[in-house]
Amino acid sequence: RRVLLLGEGNFSFAAGLCGAQGTHVVATCYESEEEAAGRGGAARSIRRLRDSGAEVMFSVDCTKLKEHFSPGKREFDRVYFNFPHCGRKAGVVKNRELLGRFFYSCAEVLAEEGEVHVALCNGQGGTPADQPRREWHNSWQIVAVAAAAGFILSDVHPFKAETIRGYKCTGYRSQDKSFCVEGALNHIFTRSSAPLCLTPVSCKTQVGNQKVSFQVPQVLVDKINRGFLEVNSNHPVRTVKEKLSAGLSQAFPLQNITSCLPLLHQGHPDGVGHSSIFWIALSPGEAPSTEEMSQGLANAVLFSHSGQDTDKNVQGGCPVPKQFYLRPSLLPHAQAGIKKGAFSPGTLHVLSGPVFRQCRITPHSTPVFHELLVVLAVSRGTENSCIQMLVDNIKTTTSSLHQAGVKPRVSLQEATSFGTELNDFAAFECQLGEIQHFICVGTDPDPSGSCVGVIRTAPDELKSSELVVVSVSLNLDLLAMLLCGISDWRILWTSDRRFLQQFPEGELRLFKSFSLYPPSYVHDVSFWVPDGEEFDEVAFHTLARRVSGEMIVSMQLRDSFQQPGTGRRSLCYRVTFQSCDRALGCREAAEMQLHFREEIQQQLGVTLR
């Protein structure tokens, strides 16, 4: 591998690295050879480097690396920059600027999977790893500076000078003097995955005897056809699904419903809030006839990319006349099968697939997730014992999947006595129909748990008075997050391959973030709500998802004000931009905020303040 060292003072660090098998060292400094050789021990280190076959270069500007290396010699596997400094008494602002130009320059000479190592004195970096931690404005803000150039912090550990044979730090205030490196940290940066350039997607499906197409809502373009549950997938969501199914099959005969379930529904789901649904309009001229619709929505779904606007399915936050919507639940498919007598008593019937729900922005609120629906018809009077068997089986399977440091506690809570505030998943499930029990999974430090499933009994769906249908709906995404220690749902959908590399097929492991301490950028937005209209907060959050490409981690209502006399209402929200898997710079976040302000004015009819 090719290793580049920048800003060497006396070349003692480079000399300590040279000679390693399979490593070619290129050691550089900013000074001329004459100036560098005058430092104590430098001449000896330079001779050692050259004798070992390393390259030694002088007068190398770390902000213009491309100029110092020919095209064939620019790809370095690792770049070291130990204790960068502008020199003398330069303050934090100048040193931030130096780091910023360095990272931009580094991007031009680093191999695709290369690493950048930057050692800083204790407190300079401004991350939680610094102890004690400086105030943000008084630090070098290294993670935010690197993010602007497309780098993420993937690791940080103590800089152990004693492990480098012969190393002696020098350069205090541009002099041949040492400085304190106690508590110093080595920050390891890697390239971020590229920003998503989402082209509009057209989805084709069969309605009756007619093929129809529709534009996929933009917030779902990168999620509509990811294939997490397919046979060749090693995604943790599929692993959780397979393990649960295997566990349940030990207690009951089990049948997987493998047929492709319809993606579109028509009409309006009873009891479900209008803004919670992803409404869809079929492409012009393709609406099926009533007769064709009576035959039901067929199964085949094909996807293609186009250059058309993805948001023509919704006008002013309301669906256009043809009322189609993406399925928010698999429950209607199960209910239809029960009424047709397709489910045999005593056998567990398992359905699974992605479902789509508009929701507010929180780390655990997902606009799309994978549902596992288990349906069982049992003799009347035995439903409670069957429910307990199902829950005990889920408990046993979940406990067997727990990772070091994550101990799940599965509990069954009566819907009538549920004391915890409902999360978005549970709240939506309540709209779909009466619930008897909530399934909660808790982990330290929150043993009370989060709702990941619901249990219903439905005696009215069967013609037989002797049978009762028990259905269990589980949110596989939330369950995978809890079992793998994932704190943000967005990481499940990342395109960065470093995520799936942590989960070999059939294994669940504790997730280790490859983007540490991602910078956050806070902006406020205030506006007047249109007179006489109820403000649709879910539509507001969905618009934020679309504009930011899921780069907003939090939206909090900070103030609500009603103007005396006129009665006009003003709202102020605090918007926090932060990515969990890729670099997000300050300027990019500011541009998103400006775009968001324009869009809420145009799409929601508010008046900005």
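Look a little higher up for the structure.
Here's what I pulled together on the structure shown here. This structure is a prediction, so every number in the text was calculated from the model and none was measured. (Residues numbered from 1 in each chain as written. Predicted model: local features only at pLDDT ≥ 70, side-chain atom pairs only at ≥ 80, totals over all residues. Heavy atoms only, no water.)

Right, let's get into the overall build of the chain. Counting its regular elements, the chain contains 15 helices and 26 strands. Buried residues in the chain amount to 53% of all 609 residues. Taking the intrachain contacts of the chain between residues at least 6 apart in sequence as the baseline, contacts between residues at least 24 apart amount to 73%. Carbon and sulfur atoms make up 48% of the accessible area of the chain, which totals about 27900 Å². (Helix = DSSP H or I, 4+ residues; strand = E, 2+ residues; numbered from the N terminus. Buried < 20%, exposed > 50% of the residue type's maximum accessible area, 1.4 Å probe, protein only. Contact = heavy atoms within 4.5 Å. Areas by Shrake-Rupley, 256 points an atom, 1.4 Å probe, with all protein chains shown as cover.)

Across all of its chains, the model carries 25 aromatic pairs by this definition. A ring pair is formed by F369 and F425, whose centres lie 5.6 Å apart and whose planes are at 85 degrees; its orientation type is edge-to-face. Of the two residues, F369 sits in strand β18 (residues 368-379) while F425 sits in helix α11 (residues 424-432), which places them 56 residues apart along the sequence. Here F369 and F425 have matching classes, each one buried. (Phe/Tyr/Trp six-rings, centres within 6.5 Å; stacked < 30°, edge-to-face > 60°.)

Note on helix geometry: an α-helix contains 3.6 residues per turn, so any two residues three or four positions apart are oriented the same way. If you check which residues of helix α9 (residues 331-339) are buried, you get L331, H333, A334, G337 and I338. In a view along the axis of α9, the buried residues occupy a sector of 160 degrees, so they form one face of it. Following α9 by one or two positions, G341 has its phi on the positive side, about 75 degrees. (Arc of directions from axis to C-beta.)

Judged by nonpolar contacts, the single largest core of 87 residues is most densely connected at F214 and L326. Per-element tally for this core: the top contributor is β18, with 9 residues. Those residues in contact with F214, other than ones at most four positions away along the chain, are V201, S202, C203, L263, L264, I280, A281, L282, S283 and L326. Of all hydrophobic cores here, the second largest spans 31 residues; its members include L65, L98, L120 and F189. (Core = buried A, V, L, I, M, F, W, Y, C linked by side-chain atoms within 4.5 Å.)

We now examine the sheet that holds strand β26 (residues 607-608). With antiparallel pairing, 4 strands are arranged side by side in an open sheet as β24-β25-β23-β26. Looking at strand neighbours, the two that pair on one side only are β24 (552-562) and β26, the edges of this open sheet. Note: β24 against strand β25 (residues 569-577), 9 bridges, orientation antiparallel. From the neighbouring strand, D559 faces β25, where its bridge partner is C572. Across the sheet, helix α14 (residues 537-548) touches β23 (521-528), β24 and β25, and the angle it forms with β24 is around 140 degrees. (Pairing = 2+ DSSP bridges. Axes fitted to C-alpha atoms, helices over the stretch in contact; angles between N-to-C directions.)

Another point: the packing of helix α7 (residues 236-249) against helix α12 (residues 476-484). Remark: α7 packs on α12, axes separated minimally by 9 Å, with the N-to-C direction vectors making an angle of 100 degrees. Between α7 and α12, the angle falls in the class roughly perpendicular. Residues P236, V237, V240, K241 and L244 of α7 form the contact with α12, whose participating residues are L476, D477, L479, A480, L483 and C484. (Parallel < 35°, antiparallel > 145°, perpendicular 65-115°, else oblique.)

Quick look at the pattern of salt bridges now. What the rule picks out here adds up to 18 salt bridges. With its nearest N and O atoms 3.7 Å apart, the salt bridge here joins E31 to R39. Given the relative accessible area of 22%, E31 is considered partly exposed. Via salt bridges that share partners, D222, K223, R545 and E550 belong to a single interconnected network. (Salt bridge = Lys/Arg side-chain N within 4 Å of Asp/Glu carboxyl O.)

Another point: α14. Helix length check: α14, at 12 residues, gives a terminal C-alpha distance of 17 Å against a target of 16 Å (1.5 Å per residue), a fit within 8%. Along α14, 11 of the 12 residues are buried, which leaves the element largely enclosed by surrounding structure. Of all the residues in α14, the buried ones are V538, A539, F540, H541, T542, L543, A544, R545, R546, V547 and S548. Two or three places before V538, at the start of α14, stands the capping residue D536, its side-chain oxygen 3.2 Å from that residue's backbone nitrogen. Where α14 ends, the next residue or the one after it, G549, has phi of about 65 degrees, a positive value. (Expected span 1.5 Å × (residues − 1). Polar contact = N/O pair within 3.5 Å; in protein donor to acceptor, adjacent residues only side chain to side chain.)

For the bond from Q131 to P132, the omega torsion is 0 degrees, close enough to zero to count as cis. Phi is positive for F11, which is not a glycine, with a value near 65 degrees. Checked against the element boundaries, F11 lands in the loop between β1 (2-6) and α1 (12-17). Among the residues examined, F11 registers a relative accessible area of 0% and is labelled buried.

Under the counting rule described, the total for this entry stands at 0 disulfides. Just so you know, C86 is unpaired, no disulfide at all, and the nearest cysteine sulfur is the one on C62, 8.6 Å from it. (Disulfide = S-S within 2.5 Å.)

By the element assignment, V525 lies in strand β23. You can call V525 buried: its relative accessible area is 0%. C-alpha separation for the pair V525 and R609, spaced 84 residues apart in sequence, amounts to 7.9 Å. Beyond its immediate chain neighbours, meaning those up to four positions away, V525 contacts F540, L571, C572, Y573, V575, Q593, F596, R597, I600 and L608.

It is worth spelling out the side chain of S570 at this point. Checked against the element boundaries, S570 lands in strand β25. From its side chain, S570 meets the backbone oxygen of F527 in a polar contact 3.4 Å long. Ignoring anything within four residues of it in the chain, the contact list for S570 reads F527, W528, D559, S560, F561 and R609.

This part takes up the sheet that holds strand β7 (residues 185-191). The strand order across the open sheet formed by 7 strands is β3-β2-β1-β4-β5-β7-β6, and the pairing between neighbours is mixed. On the outer flanks of this sheet lie β3 (55-57) and β6 (151-158), each paired with one strand and no other. Within the sheet, the average angular offset between the axes of one strand and its neighbour, ignoring direction, is 20 degrees. As paired elements, β1 and strand β2 (residues 24-28) share 4 bridges and run parallel to each other. Its bridge partner being in β2, V3 is matched across the sheet by V25. Of the strands in this sheet, β1, β4 (76-82), β5 (110-120), β6 and β7 touch helix α5 (residues 92-106), which is tilted by about 160 degrees from β5.

Quick look at the pairing of β25 now. Buried residues dominate β25, accounting for 7 of its 9 residues. Pairing of β23 with β25, which is carried by 8 bridges, proceeds in the antiparallel orientation. In the sheet register, Y521 faces β25, and the bridge partner there is F577. What sits between the antiparallel neighbours β24 and β25 is a turn of 6 residues, in which G565 has the positive phi angle 90 degrees.

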